[in-house]
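Examination of the molecular architecture
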Amino acid sequence: MRAPDEIHTERLRLRPIVRSDADAIFHTYAGSARATHFMPFKTHQHVADSLAFAVRCQDCWRSGAAFPWAVIETASGRMLGNVELKLSPPQASIGYIFGDAFWGQGFASEAVSAVVAWAIAQPDIYRVWATCHPGNLGSAAVLRKAGLHLEATLANWEARPQLGEVAGPSHMYALIKPTA
Ligand SMILES: CC(C)(COP(=O)(O)OP(=O)(O)OC[C@H]1O[C@@H](n2cnc3c(N)ncnc32)[C@H](O)[C@@H]1OP(=O)(O)O)[C@@H](O)C(=O)NCCC(=O)NCCS
């Protein structure tokens, strides 16, 4: 099962991350201490770190292990962030990060809602889920706007190097579709 290469919304174009995105990834979000605060990976120190991530994204598209899109503002062509979808029928999971220069303009809600809507519309997908740090109020708001609901708090779920957590707690949000 594969995700579409491109998803278009009112203001955004989602397209596969490629290795030439490394510089923009680094400067937009991956090298930002603010944007990566709650993330499960270390803030990138060099563009080489973002290049390794971009190469991994290309490999994911090839193998189908995950579908990481660059989120591009259609009008300006600027990269705003990324959204990644993993398809493991009957469930699909999402993750995302946006550059802090672009927060508060509804971009994450617009992109994440479109990906969630695509995923839950697939006949073999019955659950779309995401986790976030209990203190990540912005991310929780994005998930609620995309139609997900808080299901549980998971103990020891995720490492968060910027918070010094080797196995920190996460809120599990999910959108469920009836099986019959
Ligand atoms: C979380 C994140 C994706 C939100 O991106 P964004 O583009 O600012 O989100 P939106 O503009 O679509 O905002 C969605 C809602 O969240 C609210 N919100 C955003 N940041 C918030 C915050 N820090 N506290 C409370 N609410 C917040 C907005 O007010 C908005 O609600 P509204 O439409 O009712 O006004 C962005 O802050 C980010 O990339 N953070 C770092 C990476 C991250 O945490 N990723 C998720 C890991 S689980």
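Below is a summary of the structure that appears in this document. Every chain is numbered on its own, with residues counted from 1 as its sequence reads. At least 70 in pLDDT is required for a residue's local features to be given in this predicted model, at least 80 for side-chain atom pairs to be given and counted, and no such filter applies to totals for whole chains, interfaces and linings, which use all residues. Side-chain metrics rest on all non-hydrogen atoms present in the structure, leaving aside hydrogens and water.

**A look at the overall build of the chain**
- To qualify as a helix, a DSSP run of H or I must reach at least 4 residues; to qualify as a strand, a run of E must reach at least 2; elements of each kind are numbered from the N terminus. A count of helical and extended segments in the chain gives four helices and eight strands.
- Here the globule rule is a power law, 2.2 Å times the number of residues to the power 0.38, and the radius of gyration is based on C-alpha atoms. The C-alpha radius of gyration computed for the chain amounts to 15 Å, which stays within 12% of the reference 16 Å derived for 180 residues, consistent with globular compactness.
- Oriented by its inertia axes, the alpha-carbon framework of the chain measures out at about 50 × 35 × 30 Å.
- Burial classification: accessible surface area is computed with a 1.4 Å probe over protein chains only, and a residue below 20% of its type maximum counts as buried, one above 50% as exposed, and the rest as partly exposed. Per-residue burial for the chain yields a buried fraction of 48% across its 180 residues.
- Partitioning the intrachain contacts of the chain with sequence separation of at least 6 by distance along the chain shows that 63% fall at a separation of at least 24.
- In short, Shrake-Rupley with a 1.4 Å probe defines the accessible areas, and a residue's cover is counted only from the protein chains shown. Here the chain displays about 8,600 Å² of accessible surface, and carbon together with sulfur accounts for 56% of that area. Only heavy atoms enter the contact rule, under which two residues are in contact if any of them lie within 4.5 Å.

**Details of the site of the ligand**
- Here a residue is considered near a molecule or strand provided that any single heavy atom belonging to it is located within 4 Å of it. Residues in contact with the ligand amount to 21 residues; listed here are only the nearest, Gly104, Gly106, Ser109, Asn136 and Lys145.
- Contact between the ligand and Gly104: an oxygen atom at 2.7 Å from a main-chain N or O atom of the residue.
- One nitrogen or oxygen atom from the side chain of Lys145 is found 2.3 Å from an oxygen atom belonging to the ligand.
- Bound to the protein, the ligand loses 69% of the 940 Å² it would expose on its own.
- Contributing elements (two or more residues each) for the shell around the ligand: strand E5 (91-98), helix H3 (107-120), strand E6 (127-132) and helix H4 (137-145).
- Three residue categories are used. Nonpolar comprises Ala, Val, Leu, Ile, Met, Phe, Trp, Tyr, Cys and Pro, charged comprises Asp, Glu, Lys and Arg, and polar comprises the others, including Gly. Of the residues assigned to the shell around the ligand, the class counts are twelve nonpolar, eight polar and one charged. Two N or O atoms form a polar contact when they lie within 3.5 Å of each other; inside protein one atom must be a possible hydrogen donor and the other a possible acceptor, and for residues adjacent in sequence the pair counts only when both atoms belong to side chains.

**Observations regarding the side chain of Arg15**
- The residue Arg15 is located in strand E2 (residues 12-16) in this model.
- Among the polar contacts made by the side chain of Arg15, one reaches the side chain of Asp21 at a distance of 2.6 Å.
- Setting aside anything within four residues of it in sequence, one finds Arg15 in contact with Asp5, Glu6, Asp21, Pro68, Trp69, Ala70, Ile72 and Met79.

**Overview of H4**
- When H4 is considered as a whole, its buried residues turn out to be Ser139, Ala140, Val142 and Leu143. Angular distribution of buried residues about the axis of H4 spans 160°; they occupy a single face of the element. When the buried face of H4 is taken as reference, the exposed residues oriented beyond 90 degrees from it are Leu137 and Lys145.
- Tucked into the core, H4 has its buried residues touching E5, H3, E6 and strand E8 (165-176).
- Directly beyond the C-terminal end of H4, a positive phi value near 100° is found at Gly147. Taken from the helix axis, the directions to the C-beta atoms give the arc we talk about.

**Brief notes about the pattern of salt bridges**
- Any carboxyl oxygen of Asp or Glu that lies within 4 Å of a side-chain nitrogen of Lys or Arg is treated as forming a salt bridge with it. Taken as a whole and assessed by the stated rule, the structure comprises eleven salt bridges.
- The partner of Arg56 in a salt bridge is Glu84, and the shortest N-O contact between them spans 2.8 Å. Separated by 28 residues along the polypeptide, Arg56 in helix H2 (residues 47-63) and Glu84 in strand E4 (residues 79-88) bring together distant segments of the chain.
- Residue class for Glu84 comes out buried when judged on its relative accessible area of 14%.
- With a shortest N-O distance of 2.9 Å, Glu165 and Arg160 are connected by a salt bridge. Across this residue pair, the class does not change: Glu165 and Arg160 are buried.

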